[in-house]
Amino acid sequence: MKISEIFNQNKATLSFEVFPPKTSDTYKSVETQAMEIAGLKPDFMSVTYGAGGGTSEYTVSIADNIQKVHDVPTLAHLTCVSSKKEKVHKQLRLLGEHGIENIMALRGDRTDNDCEDYRYASELISDIKELCGDRFCIGGACYPECHPESESLEQDIRNLKYKVDAGCDFLTTQMFFDNNILYKYIYKLREEGITVPVVAGIMPVTNAKQISRICSLSGTYLPSKFKNIVDKFGADNDAMKQAGIAYATEQIVDLIANGVKHIHVYSMNKPDIAEKIQTNLSDIIGK
Ligand code: FAD
């Protein structure tokens, strides 16, 4: 099923993300985790694409299995900046053959080995549209706190408009820990004429090391309420996990109460975290 059709049902949705293994020897354990998460019957699941595309076949096989075994629609990620067009076209054929109807079309992070075939995600989206028409529902990434390469948020949003005009059906945000940042961002998107659904990407932070890594990578703002939680509970793994899940739940409840209907949880291949969040929201999202 296409994600655009799910969104057209006009109800709150909860979806989860998993990432494929880096090597074949961890494939089975990652697949088991992904299947456990799929067993929760979220509205859809996304499967990321390893940087550089070296594990692209794992993205397809995990997404395919989730759909076959649990009948949960999947969103397969696809990056382009380090790939030749032939590789991208092969992946599109493979996704089509496996009945995957949703693609998160991404540029990917730049490296020294980039090809010249695609410079931006918008070019990948145009290519998919030219090759496959409306066969796939296409998502794109967006950055409420600005993509690190952009000079300003305003410039980043103008660039985002090219991507949406190329054929994005919806946008999923980078993680954020302060909902007010998202509310202001959505307002700016609408002002710029970007009207597609915006899916809020929520990261439940369940250990203190994870948070310092995330923030040094993406420059995400940490509200003092969140910092206090990490300071107080960071040294106790179980307490930090419980507090991280509670914080993410509170964020989601506030988002839904303020009209942000679509929530994507970066569940990091952790079925127990996905399950706890879903249980916390059961009456709110009707699951
Ligand atoms: P783009 O939309 O191409 O934007 C990249 C930069 O170029 C931005 O600064 C933008 O403002 C600028 N830009 C865009 N168009 C133009 C233009 N026409 N002229 C000038 N500047 C322009 N990475 C992975 O490797 N695998 C994944 O599975 C993955 N999944 C992700 C999922 C989400 C929801 C998010 C938020 C990120 C994900 N990433 C993933 C990371 C992503 O690949 C990086 O953030 C990457 O640096 C940018 O990708 P993009 O698709 O947003 O790029």
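Everything below is about the structure printed above this text.
A few points on the structure. (Residues numbered from 1 in each chain as written. Predicted model: local features only at pLDDT ≥ 70, side-chain atom pairs only at ≥ 80, totals over all residues. Heavy atoms only, no water.)

### A short note on the site of the ligand
- The environment of the ligand is formed by 23 residues, the closest being Arg107, Asp109, Tyr143, Asp156 and Lys163.
- Note that an oxygen atom of the ligand is positioned 2.8 Å from one of the backbone N or O atoms of alanine 121.
- Within the side chain of lysine 163, one N or O atom sits 2.7 Å away from an oxygen atom of the ligand.
- Burial of the ligand by the protein chains amounts to 84% of its free accessible area of 990 Å².
- Counting residues per element, the ones that place at least two in the shell around the ligand are β3 (74-79) and α6 (153-167).
- The element best represented in the shell around the ligand is α6, accounting for 4 residues.
- Looking at the shell around the ligand, its residues break down into 9 nonpolar, 9 polar and 5 charged. (Near = heavy atom within 4 Å. Polar contact = N/O pair within 3.5 Å; in protein donor to acceptor, adjacent residues only side chain to side chain. Areas by Shrake-Rupley, 256 points an atom, 1.4 Å probe, with all protein chains shown as cover. Helix = DSSP H or I, 4+ residues; strand = E, 2+ residues; numbered from the N terminus. Nonpolar A, V, L, I, M, F, W, Y, C, P; charged D, E, K, R; others polar.)

### Concerning the pattern of salt bridges
- This model, assessed by the stated rule, comprises 13 salt bridges.
- Here glutamate 31 and lysine 28 are joined by a salt bridge, their closest N and O atoms 2.7 Å apart. One end of the pair, glutamate 31, and the other, lysine 28, are both in helix α2 (residues 27-38), 3 residues apart, so they sit about a helical turn from each other.
- For glutamate 31, a relative accessible area of 9% gives the class buried. (Salt bridge = Lys/Arg side-chain N within 4 Å of Asp/Glu carboxyl O. Buried < 20%, exposed > 50% of the residue type's maximum accessible area, 1.4 Å probe, protein only.)

### Some details on the nonpolar core
- Residues Ile66, Ile128, Leu171 and Ile263 are the most contacted members of the largest nonpolar core, which totals 68 residues.
- Once you skip the residues sitting within four places of it in the chain, leucine 171 turns out to touch Gly140, Ala141, Cys142, Leu160, Val164, Leu189, Ile194, Val196, Pro197, Val198 and Val199.
- Within the second largest apolar cluster, 14 residues are counted, among which are Met175, Val205, Ile211 and Ala243. (Core = buried A, V, L, I, M, F, W, Y, C linked by side-chain atoms within 4.5 Å. Contact = heavy atoms within 4.5 Å.)

### Observations regarding the packing of aromatic side chains
- For the coordinates displayed, the defined rule picks out 5 aromatic pairs.
- Taking 6.2 Å as the distance between ring centres and 65° as the angle between the ring planes, the aromatic pair formed by phenylalanine 7 and phenylalanine 44 counts as edge-to-face. Taken as a pair, phenylalanine 7 in helix α1 (residues 3-8) and phenylalanine 44 in the loop between α2 and β2 (45-47) lie far apart in primary sequence, 37 residues in all. Across the pair, exposure class does not vary: phenylalanine 7 and phenylalanine 44 are buried alike.
- In textbook terms, an aromatic cluster arises when at least three aromatic residues are bridged by ring pairs, as seen for Phe7, Phe44 and Phe170. (Phe/Tyr/Trp six-rings, centres within 6.5 Å; stacked < 30°, edge-to-face > 60°.)

### Observations concerning the sheet that holds strand β5 (residues 137-142)
- Reading around the circumference, β1-β2-β3-β4-β5-β6-β7-β8 is the order of the 8 strands in this closed barrel, with parallel pairing throughout. Direction aside, neighbouring strands of the sheet carry axes that sit 30° apart on average.
- Where strand β1 (residues 13-18) meets β2, 3 bridges bridge the pair, whose relative direction is parallel. Note on β2: the bridge partner recorded for glutamate 17 is serine 46.
- Where α6 meets the sheet, its contacts fall on β5 and β6 (170-173), and the angle it forms with β5 comes to roughly 175°. (Pairing = 2+ DSSP bridges. Axes fitted to C-alpha atoms, helices over the stretch in contact; angles between N-to-C directions.)

### Brief notes about the packing of helix α5 (residues 121-132) against α6
- Between α5 and α6, the shortest axis-to-axis distance is 8 Å and the interhelical angle comes to 5°. As far as their axial angle goes, α6 and α5 are roughly parallel. Contacts from Ala121, Ser122, Ile125, Ser126 and Lys129 of α5 reach α6 at Tyr162, Lys163, Ala166 and Gly167.
- Residue composition of the contact of α5 with α6, by class: 4 nonpolar, 3 polar and 2 charged. (Parallel < 35°, antiparallel > 145°, perpendicular 65-115°, else oblique.)

### Structural notes on the packing of helix α4 (residues 85-97) against α5
- Axis separation between α4 and α5 bottoms out at 11 Å; the angle between their running directions is 55°. It follows from the interaxial angle that α4 and α5 lie oblique. Between α4 and α5 lies a crossing of right-handed hand. Each of Lys85, Val88, His89 and Leu92 in α4 lies in contact with α5, whose residues at this interface are Leu124, Asp127, Ile128, Leu131 and Cys132.
- Residue classes in the contact of α4 with α5 are distributed as 6 nonpolar, 1 polar and 2 charged. (Left-handed = near helix turned anticlockwise from the far one by under 90°.)

### What about the environment of threonine 111?
- With respect to the helices and strands, the residue threonine 111 is situated in the loop between β4 (102-106) and α5.
- A sequence separation of 45 residues divides threonine 111 from aspartate 156, and the C-alpha atoms of the two residues are 20 Å apart.
- A distance of 3.1 Å separates a polar side-chain atom of threonine 111 from the backbone nitrogen of asparagine 113.

### Examining the environment of serine 4
- Secondary-structure assignment places serine 4 in helix α1.
- Once the C-alpha coordinates of serine 4 and phenylalanine 136 are considered, the two residues, 132 residues apart in sequence, prove to be 9.9 Å apart.

### Let's talk about unusual backbone geometry
- With a phi angle near 60°, asparagine 10 is a residue other than glycine that sits in the positive phi range.
- With respect to the helices and strands, the residue asparagine 10 is situated in the loop between α1 and β1.
- Phi at lysine 41 is positive, roughly 55°, even though this residue is not glycine.
- Tracing the backbone through its elements, the reader meets lysine 41 in the loop between α2 and β2.

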